Amino acid sequence: MIARKKSRYILIELSRPLEITSAPAYDEFIESIKRNIGMLDFSSMGIYPIKRLSDSIFIFKVNRGYEKKFILASAFISSLSGYSISIYSICTSGTIKALLKKYERKYVALKQAH
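To keep things clear, this report deals only with the structure shown in the data block. No experiment lies behind these values; they were computed from the predicted model shown.

This part covers the nonpolar core. Among the nonpolar cores identified, the biggest contains 23 residues, and I12, I20, F29, I33, I47, F60 and F70 are the most heavily contacted of them. Of all the secondary structure elements, the ones that give two or more residues to this core are β1 (7-14), α1 (25-37), α2 (39-45), β3 (57-63) and α3 (67-75). If you tally residues by element for this core, the top one is α1, at six residues. For F29, the contacting residues outside a window of four places in its chain are I12, I20, F60, F70, S74, I77, L80 and I87. The next biggest cluster of nonpolar side chains, apart from the first, holds eight residues, and it includes L11, I59, Y103 and Y107.

If you want it as structure tokens, here you go:
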């Protein structure tokens, strides 16, 4: 019996609105991750876009154990589709439901306070 790999969900925010879950920006995003992390780690990472919450907030799925490498590799991306950009990791969780709860509790409350 083959056990399925456990996943982690990561919520990221871009410094500017940009659609990175469809080509060509997604392809460029993936190539940048490959460059930053290396092909061996990338092939084990299992990156998959899950959901777009807004113009600049996205949920990505990665295999458990690779979430820190994904966060680090995406933080080094400085441009996509000809735009200068910064990518921030907001929170990480084992389920989408828990991820959204963390996001609402920490991040949305902070933005409303300011």
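This paragraph deals with the side chain of T92. Along the chain, the position of T92 falls in strand β6 (residues 87-93). Accessibility expressed as a relative area gives 16% for T92, which makes it buried. Once you skip the residues sitting within four places of it in the chain, T92 turns out to touch R8, Y9, I10, E67, I71, L99 and K102.

The four strands are arranged β2-β3-β1-β6 in an open sheet whose pairing can be described as antiparallel. Looking at the sheet topology across the chains shown, the edges are occupied by β2 (48-52) and β6. On average, each strand axis in the sheet is tilted by 30 degrees relative to the strand beside it, whichever way the strands run. Bridging between β2 and β3 involves four bridges; their strand directions are antiparallel. Looking at β3, one finds that Y48 is bridged to K61.

Calculation rules
- Residues numbered from 1 in each chain as written.
- Predicted model: local features only at pLDDT ≥ 70, side-chain atom pairs only at ≥ 80, totals over all residues.
- Heavy atoms only, no water.
- Core = buried A, V, L, I, M, F, W, Y, C linked by side-chain atoms within 4.5 Å.
- Buried < 20%, exposed > 50% of the residue type's maximum accessible area, 1.4 Å probe, protein only.
- Helix = DSSP H or I, 4+ residues; strand = E, 2+ residues; numbered from the N terminus.
- Contact = heavy atoms within 4.5 Å.
- Pairing = 2+ DSSP bridges.
- Axes fitted to C-alpha atoms, helices over the stretch in contact; angles between N-to-C directions.

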